[in-house]
Amino acid sequence: MNLDEIKKIVELMDEHGLSQFKLEQDDTKLELKKGGYEVAAQAVPQFAQYAQAPGQGAQAPAAAPVDVDPDALPAGEQEITSPMVGTFYLAPNPESPDFVQIGSSVSAESPVCIIEAMKVMNEIQAEIGGEITKILVENGTAVQYGEPLFRVKTA
Amino acid sequence: MIDPISETVIQAELRKLAGNSASLGLRFEIREETVSTNDDATKAGSRGELDGLVIVADHQTNGRGRRENRWESPPGKNLMFSIVLRPTEPIDQWTRIPHLIGLAVARGIESAIPGIQEIELKWPNDLMFLDRKLGGILVESRISQDSSGSFCAVGVGLNVNIRPAEFPDDVREIAASLFEKTDRVLSRSILLAHILAEWIAIYPASISNFESAKQAIESRSFLNGRAVEVHTGSEIVTGLAKSIGPDGELLVQTSEKTVEIRSAERVRRVDSEASCR
């Protein structure tokens, strides 16, 4: 995938009002996510280059004004996303308390949830430090790769 | 008769079967009693323990199956162990691990105990014998963005020398023990060596090339070709269990389509009440 193709995808996202796009093809994994103030790049070097290109992508706030998008990520907050497809659990088992609640302080190593896939219980770490402001997924429901799970106020 | 877990016996048997444990990358910690070998393996992994540590317990006070299920185990009877594993493969392939360890356990039992050839695998994490549950597998992982920090604890609990009368009342009808067939006390250390020898033969090649092991896993399936009922949490899927997919998902043919099951609270065969757990 080349830069022009990625630009085209971003244009199409703008045109159709999409905030998230994911593509997995052969060896390429591309995920574009657009909140109020940032477009996050993961995994693919091509997009990392694009995100750093002046005037485009990474810090382009104009595409999605906060006041018209209630789902937009507020300034100073980041999302913890699912690294895999599976079932989301807030607690390590039904008898234990939830790993975190709204208002909980987390560090990068704090466990925040379990994603279960084919009975492999994957404990997910926050990877960022801050305060949990929103739990975006209901306990026991299916989540997709890259799906936002929590919001964390980092600033 | 007491059958203590012995590292010396494990090492000697493993050497005969596969080679020196150090060269195989295996190390052992034998515990007389522990709460859960998977908890121990998880703690070991969290403090940076390298791939290949095997924690074995003679007695486990609070072993866990998936989610809420408890694993009953009187002292000195059963085989409980967990392996610290640091797969280098992408985490979406780690769902293959329960199937691969299941195959290794099944083959290890059959290799160690002449006369036993009927160990089946019930998706996603049960071992079946005589149409009843012989054991369970629990894989717990820690995922960190820095992949070098990610690891999993691969746990196995297996009914070996427990007599049927020793099972708690509520599981007696649905649990099985190897003792039922052999009617003699088996060496858990030798059994473990056989399982680990199979694991070493299967895992490194098949985690990234699952196809190479899939046929062997499917040939032992407790569900394939059977009418099943799958409780996913949000719905109940009924149909014919067809096969497993490329990452170990269960494929169920309903009257309308093929459904790919990646997660289930409960799976049961509906063609036989005796084997419905």
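Our subject is the structure listed above.
Report on the accompanying structure. Nothing here was measured: the structure is a model prediction, and the numbers come from that model. (Residues numbered from 1 in each chain as written. Chains lettered and ligands numbered in written order. Predicted model: local features only at pLDDT ≥ 70, side-chain atom pairs only at ≥ 80, totals over all residues. Heavy atoms only, no water.)

1. Re the overall build of chain A
Phase 1 of the analysis: When helices and strands are counted, chain A shows two helices and eleven strands.
Phase 2 of the analysis: Walking chain A from its N terminus toward its C terminus, one meets helices and strands in the order α-β-β-β-α-β-β-β-β-β-β-β-β.
Phase 3 of the analysis: The proportion of buried residues among the 155 residues of chain A is 41%.
Phase 4 of the analysis: The long-range fraction of contacts in chain A, counting pairs at least 24 apart against all pairs at least 6 apart in sequence, stands at 55%.
Phase 5 of the analysis: Surface exposure of chain A reaches about 8000 Å², of which carbon and sulfur atoms provide 49%. (Helix = DSSP H or I, 4+ residues; strand = E, 2+ residues; numbered from the N terminus. Buried < 20%, exposed > 50% of the residue type's maximum accessible area, 1.4 Å probe, protein only. Contact = heavy atoms within 4.5 Å. Areas by Shrake-Rupley, 256 points an atom, 1.4 Å probe, with all protein chains shown as cover.)

2. As for the interface of chain A and chain B
Phase 1 of the analysis: Taken residue by residue, the interface counts 22 residues in chain A and 27 residues in chain B.
Phase 2 of the analysis: For the pair chain A and chain B, the interface holds one salt bridge.
Phase 3 of the analysis: Counting across the chain A and chain B interface gives ten residue pairs in polar contact (both at pLDDT 80 or more).
Phase 4 of the analysis: Mapped by element, the contributors of at least two residues to the side of chain A that touches chain B are β5 (86-89), β7 (111-117) and β8 (120-125) of chain A.
Phase 5 of the analysis: Take the side of chain A that touches chain B: its biggest share by element is six residues, from β8(A).
Phase 6 of the analysis: The residue inventory of the side of chain A that touches chain B, partitioned by class, reads twelve nonpolar, four polar and six charged. (Salt bridge = Lys/Arg side-chain N within 4 Å of Asp/Glu carboxyl O. Polar contact = N/O pair within 3.5 Å; in protein donor to acceptor, adjacent residues only side chain to side chain. Nonpolar A, V, L, I, M, F, W, Y, C, P; charged D, E, K, R; others polar.)

3. Considering the pattern of salt bridges
Residue and element names in this part refer to chain B.
Phase 1 of the analysis: If you walk through the whole model with that rule in mind, you get 20 salt bridges over all chains.
Phase 2 of the analysis: Note that Arg31 is salt-bridged to Glu29, the shortest N-O span being 2.3 Å.
Phase 3 of the analysis: Accessibility expressed as a relative area gives 27% for Arg31, which makes it partly exposed.
Phase 4 of the analysis: Residues Glu229 and Arg268 are paired through a salt bridge, measuring 3.3 Å at the closest nitrogen-oxygen approach. Here Arg268 lies in strand β14 (residues 266-269) and Glu229 lies in strand β10 (residues 227-231), a separation of 39 residues in the sequence. The two residues Glu229 and Arg268 agree in class, both being buried.

4. Regarding helix α6 (residues 211-218) of chain B
Phase 1 of the analysis: Every buried residue of α6(B) is accounted for by B:Ala213, B:Lys214, B:Ala216, B:Ile217 and B:Glu218.
Phase 2 of the analysis: Packing partners of the buried residues in α6(B) comprise α3 (97-112), β6 (120-122), α5 (188-206) and β11 (236-244) of chain B.

5. Description of the packing of aromatic side chains
Phase 1 of the analysis: In the structure shown here, the tally under the stated rule is two aromatic pairs over all chains.
Phase 2 of the analysis: Over the ring of B:Phe179 we find B:Arg163; its NZ or CZ atom is 4.0 Å from the centre of that ring. (Phe/Tyr/Trp six-rings, centres within 6.5 Å; stacked < 30°, edge-to-face > 60°. Lys NZ or Arg CZ within 6 Å of the ring centre and 35° of its normal.)

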